Amino acid sequence: MTGTAETRRGHVLRAIVTDYISSQEPVGSKALVERHGLGVSPATIRNDMAALEAEGYITQEHASSGRVPTQKGYRRFVDGMSGIKPMSAPERRAVLEFLSGGVDMEDVLRRSVQLLAQLTRQVAVVQLPDLRAGRVKHCEVVQLAPARLLLVLITDTGRVDQRNVDLTEPMPEADTPRLRDIINTALVGRTLDDASANVSALAAGEVAGLPADLRGPALACATVLVETMLERSSDRLILAGTPNLLNVNELQPVIEALEEQVVMLKLLSSVRDLGARAGGVAGGVAGEPGGPGPGVQVSIGGENEDEELRAASVLATGYGSGGEVLGGLGVVGPTYIDYSGSMSSLSVVAHYVSRILSGR
């Protein structure tokens with residue numbers, strides 16, 4: 001095959017994939033000539049399509065129908081993209097404004113998947129970060145009743161966790177500030193692992209100078225805090241846009257997998273771990289310094305290890321704070337998903353989530 005024919009067939013494949021993504025209708029040679037101005041006759045295009053079909057990039061569902069891309073065809077299409085569809089400056093500002101309205105980290109992440117589902121018209125999913133990723137910024141202690149406290153643990157990544165503590169006996173309200181100071185002395189500025197060790201020492205009564213009248217409340221609080229710190233909250237997902245897939249019959253197993261969470265948690269965790277090994281949050285924003293990075297991973301159909309995702313394409317990247325990857329953010333849809341537009345939206349949203357969580 002000559003280089004010219006190879007190049008032309010690449011153009012033909014891109015045209016077929018583009019048209020099929022747009023219409024979900026088989027694409028014929030006449031339509032390709034009319035829509036894309038390929039500069040050759042329909043007969044030449046038919047020959048090119050026959051060659052692409054023989055190589056496994058497209059297939060013909062019926063003898064008289066046009067061609068549709070195969071998973072191999074989508075992979076070549078994605079690998080051959082020279083760039084992703086950029087968002088306009090007003091669109092980026094709207095994304096940033098919407099995400100910036102989040103009251104805390106979890107709200108920002110919830111907004112991120114709501115926005116992604118709207119932008120891509122697919123399912124969007126985000127993995128909440130492990131509570132242990134970060135340092136303790138503050139632990140607020142609120143007395144709800146004489147024998148019940150509320151602990152509000154805040155990390156520098158913006159994560160907020162609340163826990164109730166039941167005391168064995170009532171505590172005077174005036175003792176609440178003293179207890180708060182004792183707890184924060186043990187926690188503030190430390191990683192969750194280091195803080196957990198300090199709190200364990202507090203629970204064991206090994207902290208010098210702990211007032212005798214606060215040992216009971218301190219023990220109760222320390223026990224709850226240790227459980228909170230050891231909790232792997234990365235085992236939580238936030239989903240949006242599930243109705244977008246309900247009418248796609250072949251994706252019913254995908255919806256079930258999303259609801260069960262296990263499959264997607266494994267996939268997003270691998271994205272997070274890959275980003276961590278690469279030294280930070282990959283990806284960027286088209287039109288901004290650094291450009292759209294290579295951080296969006298695309299798995300198409302059978303490339304997905306789990307059976308439930310074999311009919312879907314999964315686009316995933318990491319988000320983080322201060323250069324540290326905290327979790328994965330992704331879009332799930334059919335194999336005919338708009339790859340360029342979805343990759344652009346995912347990259348932009350992940351960039352701004354990271355920027356907001358980093359306090360910039």
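- The protein has the name Heat-inducible transcription repressor HrcA in an unreviewed UniProt entry, where Corynebacterium bovis is given as its organism.
- According to the UniProt record, the Sequence similarities (unreviewed entry) comment for the protein is "Belongs to the HrcA family."
- The record held by UniProt for the protein lists under Function (unreviewed entry) the comment "Negative regulator of class I heat shock genes (grpE-dnaK-dnaJ and groELS operons). Prevents heat-shock induction of these operons."

## Some thoughts on the sheet that holds strand β4 (residues 136–145)
Then step 1. As summarised here, the arrangement of the 3 strands in space is β4-β5-β6, forming an open sheet in which the pairing is antiparallel. Strand pairing shows two members of the sheet lacking a second neighbour, β4 and β6 (160–166), which therefore form its edges. Averaged over all neighbouring strand pairs, the angle between strand axes comes to 20°, with direction disregarded.
Then step 2. Helix α7 (residues 176–187) rests against β4 and β5 (148–155) of the sheet, and its axis sits at about 155° to β4.

## A few points about the state of the cysteines
Then step 1. Tallied over the entire structure, the rule returns 0 disulfides.
Then step 2. Its sulfur unpaired, C139 is 7.5 Å from the next cysteine sulfur, which belongs to C221.
Then step 3. For C139, a relative accessible area of 0% gives the class buried.

## Examining the side chain of R92
Then step 1. Here R92 shows up in helix α5 (residues 89–100).
Then step 2. A relative accessible area of 13% means that R92 is categorised as buried.
Then step 3. Looking at R92, its side chain comes within polar contact range of the main-chain oxygen of M87, at 2.9 Å.

## Brief notes about helix α10 (residues 252–260)
Quick reminder: α-helices carry 3.6 residues per turn. Residues three or four places apart thus point the same way.
Then step 1. The set of residues buried in α10 consists of V254, I255, A257 and L258. Taken around the axis of α10, the buried residues stretch over an arc of 160°, which confines them to a single face. Residues of α10 that are exposed and angled more than 90 degrees away from the buried face: E259 and E260.
Then step 2. One or two residues past the end of α10 sits Q261, with phi positive at roughly 75°.

## Digging into the sheet that holds strand β7 (residues 237–240)
Then step 1. Across the sheet, 5 strands lie side by side as β7-β3-β10-β9-β8; this open sheet has antiparallel pairing. Only two strands of the sheet have a single partner each, and these edge strands are β7 and β8 (297–300). Taking the axes of each pair of neighbouring strands and ignoring which way they run, one obtains an average angle of 20° across the sheet.
Then step 2. Looking at chain direction, strand β3 (residues 123–127) and β7 are connected through 4 bridges and run antiparallel. Bridge pairing in β7 places V126 opposite I238.
Then step 3. The sheet strands contacting helix α6 (residues 105–120) are β3, β7, β9 (312–321) and β10 (324–334), and the helix crosses β7 at an angle near 35°.

## Comments concerning the packing of aromatic side chains
Aromatic rings considered in pairs are described by the distance between their centres and by the relative angle of their planes.
Then step 1. Scanning all chains against the criterion turns up 2 aromatic pairs.
Then step 2. Ring geometry for Y20 and Y336: centres 6.1 Å apart, planes at 85°, overall edge-to-face. Separated by 316 residues along the polypeptide, Y20 in helix α1 (residues 3–23) and Y336 in the loop between β10 and α12 (339–357) bring together distant segments of the chain.
Then step 3. Take Y20: its relative accessible area is 12%, and that puts it in the buried class.
Then step 4. Judged by centre distance (5.9 Å) and plane angle (45°), the rings of Y74 and Y339 are tilted. Residue Y74 is located in helix α4 (residues 71–79), and its partner Y339 is located in helix α12; the two are separated by 265 residues in the primary sequence.
Then step 5. On the basis of relative accessibility, which here comes to 2%, the residue Y74 falls in the buried class.
Then step 6. Sitting over the ring of Y57, K72 keeps its end group 4.7 Å from the ring centre.

## Thoughts on the pairing of β8
Within a regular strand, the side chains alternate between the two sheet faces.
Then step 1. Going residue by residue along β8, you find V298 and I300 tucked away on one face and Q297 and S299 left uncovered on the opposite face.
Then step 2. Here 4 bridges tie β8 to β9, and the two strands are oriented antiparallel to one another. Note that in β9 the partner of Q297 across the bridge is A316.

Quick notes on the rules
Residues numbered from 1 in each chain as written. Predicted model: local features only at pLDDT ≥ 70, side-chain atom pairs only at ≥ 80, totals over all residues. Heavy atoms only, no water. UniProt positions renumbered as here; feature names shortened; annotations may be inferred. Pairing = 2+ DSSP bridges. Helix = DSSP H or I, 4+ residues; strand = E, 2+ residues; numbered from the N terminus. Axes fitted to C-alpha atoms, helices over the stretch in contact; angles between N-to-C directions. Contact = heavy atoms within 4.5 Å. Disulfide = S-S within 2.5 Å. Buried < 20%, exposed > 50% of the residue type's maximum accessible area, 1.4 Å probe, protein only. Polar contact = N/O pair within 3.5 Å; in protein donor to acceptor, adjacent residues only side chain to side chain. Arc of directions from axis to C-beta. Phe/Tyr/Trp six-rings, centres within 6.5 Å; stacked < 30°, edge-to-face > 60°. Lys NZ or Arg CZ within 6 Å of the ring centre and 35° of its normal.

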